[in-house]
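Single-letter residue listing:
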Amino acid sequence: MLRLEMPPLVVVTSREPYVDEHTKFGIRTVQKAGGVVSALDPLMQTLGGHWVAWGSGSADRDTLRDGVRWVPPDRPRYRLHRVFLAPEEVEGFYAEYSNQGLWPLCHLLIERAQFAERAWARYAAVNQRFARTAADRAPKDAWVFSHDYQLALFPSTLRALRPDVTIAHFWHIPWPPARVFQLVPQHRALLQGLLGADVLGFQTPADAEQFLATVAALTPAGVDFAQGQVQWQGRTVRVRAFPIAVDTAGIQALVQSPRVERLSLRLRRRLDRRGHQLVVAVERADYTKGCLRRLAAWDAFLTRYPGWRDRVTFLQVLVPSRTEVPEYRQLFARLMRQSRAFNRRWPRQGSPLLLTIPREVDRPRLMALFRAADVVVIHSLLDGMNLVAKEFVAAQVERRGVLLLSRSAGAAQELGGALPIHPLDPEGTADALATALNMDRAERARRMADMQRHLTENDLEGWIDAILATLYEVALNRVVKVASS
Ligand code: GDG
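Residues numbered from 1 in each chain as written. Predicted model: local features only at pLDDT ≥ 70, side-chain atom pairs only at ≥ 80, totals over all residues. Heavy atoms only, no water.

## Points about the overall build of the protein chain
Step number 1: A tally of helices and strands in the protein chain yields 17 helices and 18 strands.
Step number 2: In terms of principal-axis extent, the alpha carbons of the protein chain reach across some 75 × 50 × 45 Å.
Step number 3: Taking all 485 residues of the protein chain together, 57% fall into the buried category.
Step number 4: The long-range share in the protein chain, meaning contacts at least 24 apart out of those at least 6 apart in sequence, stands at 75%. (Helix = DSSP H or I, 4+ residues; strand = E, 2+ residues; numbered from the N terminus. Buried < 20%, exposed > 50% of the residue type's maximum accessible area, 1.4 Å probe, protein only. Contact = heavy atoms within 4.5 Å.)

Written out as structure tokens, the structure reads:
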């Protein structure tokens, strides 16, 4: 109902949902792996509307018609507006300030974070550009839904340009304690930028509360912890937890489609012939995901439980990520080296113990893998939510699998049927893996069913509806205010 009556929606993210690339066979459109896009593209395909994002593909300019790219290319449903950035802007805004500054700091990796003045100037300028593009393209009274740490200045900049729009901004990553956030030299400007929104969303109640505490400690704004509200420049900013979810029904339909079912059964039959259980990890190759620690834990597992050596196959999908940042390239190279060393340490006749797919796999294959897996391991050191965990649970139609889930992923607060792991404890993780592999079918099914129920009751539609309902509350309040003034 709300969706039928709502004003046009404008989504704003740094990364675009569809990237057009020149190849020797012509222009190819690709969709990049990443939590934000995976969550929002299905929504926009249903609702229609506008999406503003950085045009990062080599053919991105060539596929515009009247300044707009209609997507998805094969079934156009919404308009993509691209913001083009010069190489030095990409460097300062994206690689440096966002991904070498805010990303590690918010994941409490203080030692890795750096904030150079020049990078800040570029971050601020690019946020301005996003706001100007959104201001130019947003229909009157639109609802704007902007995202994440790359665009912290966006809400207040857009508000100054377009007071008619209503803005929700969602923060996908953890919010750090005030004493950590104040290490950002520009922390005040960032907080003021975010407070330009009408609604600020976080992954967990703890993140929302930590944000409120940061605002109380570092700004003169009035904070109401009980109501989850900030009074700022004569406005009320609603600060809430909206744990991001997955399209549970959509995933279940996809895994039961003939192609995915065939892929999954084929893989399963191969494993069953060998008497192997399949342990899977899928992640962007990012230090916050704990990939290196995970390898160490698998090593500890084989040392402690040598009997499993011929009864298990480890499979890791490592998606190269943020390759603009030198640290990420180094991490990827290191992961590849350590994976090879792992197989040298644990040689096996027939098939290697550890299989590595060093690239993104397409979504149908990924879902087939989730359906066939016996165990999926999420080893994050700190993670806003972790969608892989939820996708795996949704894809498990046979309910054969067990989820090993880091206590410090946001998803751990919802998925009680998972076996919790402590990502800094390799032996404890090894024991949890042994427990998972030894778990009988009935208990696996019971735990999985429990988590699936949760994901059916709390799906992607519910997530967006909760945010839209809060925007609706804001819009209604505004009307009442105007009427009574
Ligand atoms: C940020 C926060 C939060 C991964 N590999 C492949 C692939 N993926 C897809 C997954 C999933 C997404 O990428 C990854 O999402 P995550 O949530 O695990 O992680 P981040 O990218 O770090 O996302 C995170 C999220 O935002 C949403 O709020 O949960 O905490 O850090 O959808 O399926 N997709 C395909 N092939 C792959 O190889 N097709």
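## Structural notes on the site of the ligand
Step number 1: If you check the shell around the ligand, you find 25 residues, and the closest are His172, Val361, Asp383, Leu387 and Glu391.
Step number 2: Side-chain polar atom of Lys289 to an oxygen atom of the ligand: 2.9 Å apart, as the coordinates give it.
Step number 3: For the ligand, an oxygen atom lies 2.5 Å from a polar atom in the side chain of Asp383.
Step number 4: In isolation the ligand has 730 Å² of accessible area, and contact with the protein removes 95% of it.
Step number 5: Within the residue set of the shell around the ligand, elements represented by two or more residues are α2 (35-47), β13 (277-284), β14 (312-319), α13 (363-372) and α14 (387-395). (Near = heavy atom within 4 Å. Polar contact = N/O pair within 3.5 Å; in protein donor to acceptor, adjacent residues only side chain to side chain. Areas by Shrake-Rupley, 256 points an atom, 1.4 Å probe, with all protein chains shown as cover.)

## Focus on the pattern of salt bridges
It is possible for side chains bearing opposite charge to pair when their charged atoms get close.
Step number 1: Using the criterion set out here, one finds 32 salt bridges in the structure.
Step number 2: Of the charged contacts, one joins Glu96 and Arg118 as a salt bridge, the two residues approaching to 3.9 Å between their closest N and O atoms. Taken together, the positions of Glu96 in helix α3 (residues 87-106) and Arg118 in helix α4 (residues 117-137) put the pair 22 residues apart, joining distant regions of the chain.
Step number 3: Classification of Glu96 by relative accessible area gives buried; the value is 16%. (Salt bridge = Lys/Arg side-chain N within 4 Å of Asp/Glu carboxyl O.)

## Quick notes on the layout of surface pockets
Step number 1: Approximately 450 Å³ is the volume found for the second largest pocket.
Step number 2: Leu267, Arg270, Leu315, Ile357 and Leu369 are the residues nearest the centre of the second largest pocket, which is lined by 18 residues in total.
Step number 3: Listed by contribution, the elements that provide at least two residues to the lining of the second largest pocket are α10 (258-274), β14, β15 (354-357) and α13.
Step number 4: If you tally residues by element for the lining of the second largest pocket, the top one is α10, at six residues. (1 Å grid on protein atoms, 1.4 Å probe; cavity = no way out; pocket = protein on both sides within 12 Å on 5 of 7 lines; lining within 4 Å. Points joined across faces, edges and corners; volume = space filled by probe spheres on them.)

## So, the sheet that holds β13
Step number 1: Read from one edge of the open sheet, six strands run β15-β14-β13-β16-β17-β18, paired in parallel fashion. Lying at the two open borders of the sheet, with one neighbouring strand each, are β15 and β18 (419-421). When strand polarity is set aside, the average angle formed by the axes of neighbouring strands in this sheet is 20°.
Step number 2: Bridge analysis of strand β16 (residues 375-378) against strand β17 (residues 402-406) gives four bridges, and the strand direction is parallel. (Pairing = 2+ DSSP bridges. Axes fitted to C-alpha atoms, helices over the stretch in contact; angles between N-to-C directions.)

## Digging into the domain arrangement of the protein chain
Step number 1: As far as domains go, the protein chain holds domain 1 (7-244 + 461-479) and domain 2 (248-458).
Step number 2: Placing the centre of domain 1 and that of domain 2 at their C-alpha centroids yields a distance of 30 Å.
Step number 3: Residue-level contacts link 27 residues of domain 1 with 21 residues of domain 2.
Step number 4: A buried area of about 1,900 Å², summed over both sides, lies between domain 1 and domain 2, and 61% of it is on carbon and sulfur atoms.
Step number 5: Across the contact surface, domain 1 and domain 2 share two salt bridges.
Step number 6: Note that Arg112 and Glu327 form a salt bridge whose closest N and O atoms lie 3.3 Å from each other.
Step number 7: Here domain 1 and domain 2 share seven residue pairs in polar contact (both at pLDDT 80 or more) between them.
Step number 8: Those elements that place two or more of their residues in the side of domain 1 that touches domain 2 are α2 and α3.
Step number 9: Top contributing element to the side of domain 1 that touches domain 2 by residue count: α3, with seven residues.
Step number 10: Class assignment for the residues of the side of domain 1 that touches domain 2 results in 15 nonpolar, nine polar and three charged. (Domains from an automatic or database assignment. Buried area = accessible area lost by both parts, 1.4 Å probe. Nonpolar A, V, L, I, M, F, W, Y, C, P; charged D, E, K, R; others polar.)

## Thoughts on unusual backbone geometry
Step number 1: Residue Pro72 follows Val71 across a cis peptide bond; omega there is -10°.
Step number 2: Positive phi outside glycine occurs at Asp141, with the angle close to 60°.
Step number 3: Counting through the fold element by element, Asp141 comes out in the loop between α4 and β7 (143-147).
Step number 4: Classification of Asp141 as partly exposed rests on a relative accessible area of 38%.
Step number 5: In this model, Arg399 sits at a positive phi of 55°, which is unusual for a non-glycine residue.
Step number 6: Along the chain, Arg399 falls in the loop between α14 and β17.
Step number 7: What makes Arg399 partly exposed here is its relative accessible area of 34%.

## Remarks on the pairing of β17
Step number 1: With five of five residues buried, β17 lies mostly within the body of the structure.
Step number 2: Alternating residues of β17 divide into Val402, Leu404 and Ser406 and Leu403 and Leu405, and every residue in both groups is buried.
Step number 3: The β-α-β motif built from β16, the intervening α14 and the parallel element β17 has right-handed crossover chirality.
Step number 4: Where β17 and β18 come together, three bridges link them in parallel fashion. Looking at β18, one finds that Leu405 is bridged to Pro420. (Right-handed = clockwise from strand over helix to strand, strands pointing away.)

## Side note on the sheet that holds strand β4 (residues 50-54)
Strands in a sheet are paired, the pairing made by backbone hydrogen bonds, and the direction either parallel or antiparallel.
Step number 1: Ordered in space as β5-β6-β4-β1-β7-β8-β9-β12-β11-β10, the ten strands form an open sheet in which the pairing is mixed. Unpaired on one side and paired on the other, β5 (69-71) and β10 (222-224) mark the two borders of the sheet. Neighbouring strand axes in the sheet, compared pairwise and without regard to direction, differ in orientation by 20° on average.
Step number 2: Of the strand pairs in this sheet, β5 and strand β6 (residues 78-83) are connected by three bridges, and their pairing is antiparallel.

## So, a positive patch on the surface
Step number 1: Together, Arg262, Arg266, Arg269, Arg270, Arg273 and Arg274 line one region of the surface with positive charge.
Step number 2: Relative to the assigned elements, Arg274 resides in helix α10.
Step number 3: On the accessibility criterion, Arg274 (47% relative accessible area) is partly exposed. (Patch = residues over 30% accessible without salt bridge, like charges linked within 9 Å, V, L, I, M, F, W, Y side chains within 5 Å. Lys, Arg positive; Asp, Glu negative; His and termini not counted. Charge placed at Lys NZ, Arg CZ, Asp CG, Glu CD.)

## As for the nonpolar core
Step number 1: Ranked by size, the top nonpolar core spans 96 residues in total, and within it Phe130, Leu190, Phe211, Trp298, Phe314 and Leu404 carry the most contacts.
Step number 2: Examining the composition of this core, we find that nine residues originate from one element, α3, more than from any other.
Step number 3: When residues of this core are assigned to domains, at least three fall in each of domain 1 (7-244 + 461-479) and domain 2 (248-458).
Step number 4: Ignoring anything within four residues of it in the chain, the contact list for Phe130 reads Val12, Thr13, Ser14, Val52, Ala53, Trp54, Val83, Phe93, Leu151 and Phe154.
Step number 5: Grouped together as the second largest cluster of nonpolar side chains are 70 residues, Trp51, Val376, Ile464 and Ile467 included. (Core = buried A, V, L, I, M, F, W, Y, C linked by side-chain atoms within 4.5 Å.)

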